[in-house]
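In case you want the letters, here they are:
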Protein chains: 2
Amino acid sequence: MASALLPDDSRFGLRRQVRLPGPLRLDSGAALAPVDIAYETYGAMNEDKSNVILICHALTGDQYVASDHPITGKPGWWWRMVGEGKPIDPARYFIVCANVIGSCMGSSGPASVDPASNAPYAMRFPVLTIADMVRAQAMLLDHLGVGRLAAVIGGSMGGMQALSWPTIFPDRVESCVVIASTARHSAQNIAFHEVGRQAIMADPNWRGGDYYADAQVPSAGLAVARMAAHITYLSEAGLTEKFGRRLQGRDAKTFGFDADFQVESYLRHQGLSFVERFDANSYLYITRAMDYYDIAEDHGGSLAKAFAPSKARFCLVSFDTDWLYPTAESRAIVHALNASGAQASFVELSSPFGHDAFLLECPELNRVVDGFLKGGRA
Amino acid sequence: MASALLPDDSRFGLRRQVRLPGPLRLDSGAALAPVDIAYETYGAMNEDKSNVILICHALTGDQYVASDHPITGKPGWWWRMVGEGKPIDPARYFIVCANVIGSCMGSSGPASVDPASNAPYAMRFPVLTIADMVRAQAMLLDHLGVGRLAAVIGGSMGGMQALSWPTIFPDRVESCVVIASTARHSAQNIAFHEVGRQAIMADPNWRGGDYYADAQVPSAGLAVARMAAHITYLSEAGLTEKFGRRLQGRDAKTFGFDADFQVESYLRHQGLSFVERFDANSYLYITRAMDYYDIAEDHGGSLAKAFAPSKARFCLVSFDTDWLYPTAESRAIVHALNASGAQASFVELSSPFGHDAFLLECPELNRVVDGFLKGGRA
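Reading the values: the criteria
Residues numbered from 1 in each chain as written. Chains lettered and ligands numbered in written order. Predicted model: local features only at pLDDT ≥ 70, side-chain atom pairs only at ≥ 80, totals over all residues. Heavy atoms only, no water. Pairing = 2+ DSSP bridges. Helix = DSSP H or I, 4+ residues; strand = E, 2+ residues; numbered from the N terminus. Right-handed = clockwise from strand over helix to strand, strands pointing away. Phe/Tyr/Trp six-rings, centres within 6.5 Å; stacked < 30°, edge-to-face > 60°. Buried < 20%, exposed > 50% of the residue type's maximum accessible area, 1.4 Å probe, protein only. Salt bridge = Lys/Arg side-chain N within 4 Å of Asp/Glu carboxyl O. UniProt positions renumbered as here; feature names shortened; annotations may be inferred. Contact = heavy atoms within 4.5 Å. Domains from an automatic or database assignment. Buried area = accessible area lost by both parts, 1.4 Å probe. Polar contact = N/O pair within 3.5 Å; in protein donor to acceptor, adjacent residues only side chain to side chain. Nonpolar A, V, L, I, M, F, W, Y, C, P; charged D, E, K, R; others polar.

Novice: Pulling in residues and values, what's your account of the pairing of strand E13 (residues 343-349) of chain A?
Specialist: Residue and element names in this part refer to chain A. Direction of pairing for strand E12 (residues 313-319) relative to E13: parallel, over a ladder of seven bridges. Bridged to Phe319 within E13 is Leu349. In this view, the connection linking E12 to its parallel neighbour E13 by way of helix H9 (residues 327-339) has right-handed handedness.

Next comes the structure, spelled out in structure tokens:
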């Protein structure tokens, strides 16, 4: 078992990558070995190891929860939530955030080298589930000597992992925070992801996924996928407020096909900047894992049964303008938790920002998370 | 002025195409000449020409409102509304439906031959607006000897044309029916269209639009555009009811990237069948026209002012699950109509089908249209 300390150029995170021998048994029946996991930690573990928080990231997120992103140079994706004086404070907690397997920021994924062929897996990488991602996180925690989590927390796909944790490892989770998420992917969720996958696979540079040896990657398809997905992360009202029908640096319509409207220019930028930092095959694998996600299905159709073995406390948060994982999805989870006898609190927050609200300025979210975490340690 | 009667293989429509000399002055400042218009008519004009109804079609619609489609062989797209014993009955009305300019079913569009070069216009076709489409329809009506319309009616983009009619030709419209539509395209509407355009333009077969001489057309890009758009035509609840998370002819997940879920298979089919009947460049031009559409903007920012010169009666219909052009958009139109002193009725209908409801089985819609049209002739 080798552990490599990567150069630490983060603001205050400790940049690490570990190669675990595995094998990790996957829901598909396949096994993954070795299992590379790239992760960041913040703060220190206390003596009784009772202060560990695992943060789970979203579809295109990464382990740089509160450290500058090595490619974009931008602050960590949840710097508003994690840091000194923030709800998840390294002065109090040992904070772990790992890149999910299937992704492309250092954990095993389609771009990793397949030891069987000494070439990148590409589409020969095994198809994953959210539960597989959780089991890989558990392997990392084993490696770090962590038994129980004081809390597991995440938004969007991170919320799916957080919610799965107590169903897979009921004895390892004390509390669970699930933000802007769901217990299963809906038909509309699957449909949007399928559009993204088709956009990538329609790009001739995709070549069945075998593009790693080449400078030509399926950027155009991945950019279109990102653009379509990005619309679902925002609210109609938020888009109207931010862009409306304002034109892009011009007084009048150009009667052409350049980006006349600011919203077009913004979307194009979202697509183009995304392809600089993300692998198209990883996008295929992670969206597939999300589409397969249905906690109840894995427990005989009963969500309440899934939570029954757990003693965890739960905190659910939704946003009123989130139409990707609307409040009704969180309510369904709360009902199941109530039916299973679990302690669950729930709040719907008001925000103009749609699904993306969990990543943006939202003091109420910070207060809710802070209160819930402190309540658990009182 | 030549008028060509095409072979009539429709069920009861009269298939026609006319070449008008033009020029048609466009909002962009360009002029279009000649102007080809393909249209269908049903019924006969009465002596005082007071029974003419113009039906306007949606983005990917066509003139075959109640005639079998010549490519797909399917019944006309509004056979539920137009026909014997239906609200728009050829026994009572002379019914006209014309393919919009910019489209690809016989009216002038990017696939038409540019007389200047004797080659297809492709992206040299002038960029159009909804108002340009309306002016082309007016040219056709002039050709047919029609002065005033008893009614103009349309859903979605057809509703945009219908609503524009009394603002451009206030003296030519007696009544106006606008279904599942809006007075301006929102930032979210523009964003979804931009994704579709980028998907088409990212297809290497698009080649700047010059693909007509070739068997290789940008089908993959157009299919992705259609898939993304199609999701916006349906409601989340409708997709859940129709497909949910049901698997496609299999008992278990395949852990692969084929269409595992029925909703994936359905969407792929929607994309693939669409490219059989539609031209990618037309998709670019028509979505652009819709994005440019903002009736108030063209009237100093006041929607009420736009309607002030008209004496038409209006009927607005929205659907409660339509999130593409939600009820609030119709309400804004009604408020403006009220402010302008126009006679306007409005109803929000309940349907599980989202935006597409106006094309589907909806007896209430038929009753509303029937009542409104008869009220106007009482």
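Novice: Before we move on, can you summarise the packing of aromatic side chains with the specific residues and values?
Specialist: According to the stated counting rule, one finds 30 aromatic pairs over all chains in the structure shown. A ring pair is formed by Tyr292 of chain A and Phe255 of chain B, whose centres lie 5.3 Å apart and whose planes are at 75 degrees; its orientation type is edge-to-face. Pair noted here: Tyr292 of chain A is in helix H7 (residues 280-292) and Phe255 of chain B is in the loop between helix H5 (236-242) and helix H6 (262-275), and the two residues belong to different chains. With a relative accessible area of 3%, Tyr292 of chain A lands in the buried category. Here Phe255 of chain B falls in the partly exposed class, since its relative accessible area comes to 22%. Seen from their ring centres, Phe125 of chain B and Tyr285 of chain B are 5.6 Å apart, and the 80 degrees between their planes marks the pair as edge-to-face. On the criterion of sequence distance, the pair formed by Phe125 of chain B in the loop between strand E9 (119-120) and helix H1 (130-144) and Tyr285 of chain B in helix H7 (residues 280-292) is long-range, its members being 160 residues apart. Of the residues examined, Phe125 of chain B reaches a relative accessible area of 2% and is grouped as buried.

Novice: Hey, could you go over the pattern of salt bridges for me, with residue numbers and the actual values?
Specialist: Residue and element names in this part refer to chain A. Applying the stated criterion across every chain yields a total of 37 salt bridges over all chains. Residue Glu174 pairs with Arg148 through a salt bridge whose shortest N-O separation is 3.5 Å. On the criterion of sequence distance, the pair formed by Glu174 in the loop between helix H2 (157-168) and strand E11 (175-179) and Arg148 in the loop between helix H1 (130-144) and strand E10 (151-155) is long-range, its members being 26 residues apart. Note on Glu174: relative accessible area 31%, which makes it partly exposed. Relative accessible area serves as the criterion here: at 38%, Arg148 is assigned to the partly exposed category. With a closest N to O distance of 3.1 Å, Asp370 and Lys374 form a salt bridge.

Novice: Before we move on, could you go through the UniProt feature "binding site: substrate" (unreviewed entry) in chain A and cite the residues and values that matter?
Specialist: Residues and elements named next belong to chain A. UniProt marks Arg226 and Asp356 with the feature "binding site: substrate" (unreviewed entry), using the numbering shown here. Across 131 residues, the annotated set stays spatially compact, with a maximum C-alpha separation of 13.9 Å. Locating Arg226 in the fold gives a position in helix H4 (residues 219-233). Taking relative accessible area as the criterion, Arg226 reaches 9% and is therefore assigned buried. When neighbours within four sequence positions are excluded, Arg226 is seen to be in contact with Thr60, Tyr233, Gln270, Gly271, Phe274 and Arg277.

Novice: Report on the domain arrangement of chain A, specifying residues and quantitative values.
Specialist: All names here are of chain A. Along its sequence, chain A is carved into domain 1 (2-188 + 295-377) and domain 2 (194-286). For domain 1 and domain 2, the distance between their C-alpha centroids amounts to 26 Å. The interface of domain 1 with domain 2 comprises 29 residues on the first partner and 26 residues on the second. For the pair domain 1 and domain 2, the two sides together bury roughly 2200 Å², of which 66% comes from carbon and sulfur. The tally of links from domain 1 across to domain 2 stands at one salt bridge. A salt bridge links Asp210 to Arg124, with the nearest nitrogen and oxygen atoms 2.9 Å apart. If you look at where domain 1 meets domain 2, you find twelve residue pairs in polar contact (both at pLDDT 80 or more). Looking at the side of domain 1 that touches domain 2 residue by residue, the classes come out as 19 nonpolar, eight polar and two charged.

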